[in-house]
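# What the coordinates show
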Amino acid sequence: VGVLTCSTCSTEQPMNLCSACTNPNLQLLQHSASCEDDDGCCGWPRCIEMKTRLRHVETCDIGFARKCHTCRLVVKLIQLHARECQLVTCAVPLCLSIQGCANCSDLSTRAGVAPKSLCSACDHPMQELLRHSVDCMDKECQVPQCDRMTYHLEHWTDCEVRSGGGCTTCLRTWAVIRSHARYCQTTPCPVPSCQFLR
């Protein structure tokens with residue numbers, strides 16, 4: 001389960017990690033996202049299997065952020081695809097969302113991609129981390145990425161360039177805070193700029 005291997009590879013590795021399988025799986029991903037043949041007659045091996053996984057990603061109630069195993073494997077492959085995709089309208093689910101995400105690794109700094117929000121791959125964990133880090137006073141905190149989020153919040157407070165001036169750190173922090181402010185009902189809220197953004 002969760003493994004797609006190419007015709008020359010016999011290793012059972014997750015599809016985004018096997019160097020022999022990454023390229024064939026990216027090709028399969030692109031094909032399956034736009035293939036209209038649902039009875040397996042298109043000639044592409046494992047097309048139906050990939051289509052099933054893509055449908056799962058679009059309908060899963062658990063999702064990538066909450067650690068659904070199937071979603072994690074497929075979304076990681078979609079993230080690899082999104083790094084190279086130049087299509088204005090792409091059939092691959094989440095591709096454009098990931099490209100426009102202000103927190104997915106360096107995609108937001110790609111020319112022509114305006115980081116506007118968080119994609120579904122990172123919204124939930126970022127919000128939990130923000131709520132934790134804003135109150136965390138433990139210099140030795142063991143929560144993964146707490147120190148990084150704390151740095152981003154401190155940078156957000158002190159930066160003179162800011163998101164309007166093109167600071168990429170501020171752009172990423174701004175997206176997390178804005179997503180938080182959309183649903184926050186805490187008064188007063190300790191998250192910087194939250195009440196201003198409501």
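Counting of residues starts from 1 at the beginning of each chain's written sequence and follows it residue by residue. For a predicted model such as this one, the threshold for reporting local features is a pLDDT of at least 70, and the threshold for listing and counting side-chain atom pairs is 80 or more; totals across whole chains, interfaces and linings nevertheless cover every residue. Only heavy atoms go into the side-chain values, all of them from the structure, while hydrogens and water stay out.

## So, the overall build of the chain
Counting from the N terminus, the helices are the DSSP runs of H or I reaching at least four residues and the strands are the DSSP runs of E reaching at least two. Secondary structure assignment for the chain yields eight helices and zero strands. For the chain, the residues scored as buried account for 42% of the 198 residues in total. Contacts are assigned to residue pairs that have any heavy atoms within 4.5 Å of one another. Sequence-distant contacts, at least 24 apart, represent 37% of the contacts inside the chain between residues at least 6 apart. Working definition of accessibility: Shrake-Rupley area with a 1.4 Å probe, residue cover restricted to the visible protein chains. Within the structure as shown, the chain displays about 11,400 Å² of accessible surface, and the carbon and sulfur contribution to it stands at 52%. Buried, partly exposed and exposed residues are distinguished by accessible area as a fraction of the type maximum, computed with a 1.4 Å probe on protein chains only: under 20%, between the cut-offs, and over 50%, respectively.

## Some details on the nonpolar core
One recurring pattern in soluble globular proteins: nonpolar side chains tend to sit buried together. Judged by nonpolar contacts, the single largest core of 41 residues is most densely connected at L29, I78 and M149. At the level of elements, α1 (22-34), α2 (47-59), α3 (69-84), α4 (95-99), α5 (123-133), α6 (146-158) and α7 (168-183) are the ones that each hand at least two residues to this core. At six residues, α3 tops the list of elements feeding residues into this core. In this view, I78 contacts L29, L54, V92, P93, L94, C95 and I98; residues no more than four positions away in its chain are not counted. Among the buried residues, those of types Ala, Val, Leu, Ile, Met, Phe, Trp, Tyr and Cys that are joined through side-chain atoms within 4.5 Å form a nonpolar core.

## With respect to α7
In this model, α7 (16 residues) spans 24 Å end to end at C-alpha, consistent with the 22 Å of a helix rising 1.5 Å per residue. Those residues of α7 that sit buried are T169, C170, R172, T173, A175, V176, I177, S179, H180 and A181. Helix span is expected to be 1.5 Å times the residue number reduced by one.

## Quick word on α6
Here α6 is 13 residues long and its end C-alpha atoms lie 18 Å apart, about the 18 Å a rise of 1.5 Å per residue gives. The set of residues buried in α6 consists of C146, M149, H152, L153, H155 and W156.

## Brief notes about the packing of α2 against α3
The angle between the axes and the distance between the axes are what describe a pair of packed helices. Two numbers describe how α2 lies on α3: the axes approach to 10 Å, and their chain directions differ by 100°. When the axes of α2 and α3 are compared, the pair comes out roughly perpendicular. Residue-level inspection shows M50, R53, L54, H56 and V57 of α2 in contact with α3, the latter providing T70, C71, V74, V75, L77 and I78. Its residues assigned to classes, the contact of α2 with α3 shows eight nonpolar, two polar and one charged. The axes used here are C-alpha line fits, helices contributing only the stretch in contact, and every angle between their N-to-C directions lies in the interval 0 to 180 degrees. For classification purposes, an angle smaller than 35 degrees is called roughly parallel, one larger than 145 roughly antiparallel, one from 65 to 115 roughly perpendicular, and anything else oblique. In this classification, the charged set is Asp, Glu, Lys and Arg, the nonpolar set is Ala, Val, Leu, Ile, Met, Phe, Trp, Tyr, Cys and Pro, and all remaining amino acids, among them Gly, are polar.

## Focus: the environment of K51
Looking at where K51 falls in the secondary structure, it is placed in helix α2. Overall, K51 belongs to the buried group, its relative accessible area being 5%. Residues K51 and E36 lie 15 residues apart in sequence; the distance between their C-alpha atoms is 9.9 Å. The residues contacting K51, other than those within four sequence positions of it, are S32, C35, E36, D37 and D38.

## Concerning the environment of C68
Turning to its location among the elements, C68 is positioned in the loop between α2 and α3. Sequence spacing of C68 and V57 is 11 residues, and the spatial spacing of their C-alpha atoms is 9.4 Å.

## A look at the side chain of Q127
Checked against the element boundaries, Q127 lands in helix α5. Two N or O atoms count as a polar contact when they lie within 3.5 Å, although within protein this holds only if one can serve as hydrogen donor and the other as acceptor, and sequence-adjacent residues are included solely when both atoms are side-chain atoms. Within the structure, the side chain of Q127 is placed 3.2 Å from the backbone oxygen of V176, a separation counted as a polar contact.

## A short note on the environment of C85
The topology assignment puts C85 in the loop between α3 and α4. As a C-alpha pair, C85 and L96 span 11 residues in sequence and 8.9 Å in three-dimensional space.

## Details of the side chain of T173
Relative to the helices and strands, T173 resides in helix α7. With residues near it in sequence (within four places) discarded, T173 still touches H152, L153 and W156.

## Here we look at the packing of α6 against α7
Axis separation between α6 and α7 bottoms out at 9 Å; the angle between their running directions is 105°. Accordingly, the angle class assigned to the pair α6 and α7 is roughly perpendicular. Of α7, the residues touching α6 (which contributes M149, Y151, H152, L153, H155 and W156) are T169, C170, T173, W174, V176 and I177. Partitioned by chemical class, the residues of the contact of α6 with α7 number eight nonpolar, four polar and no charged.

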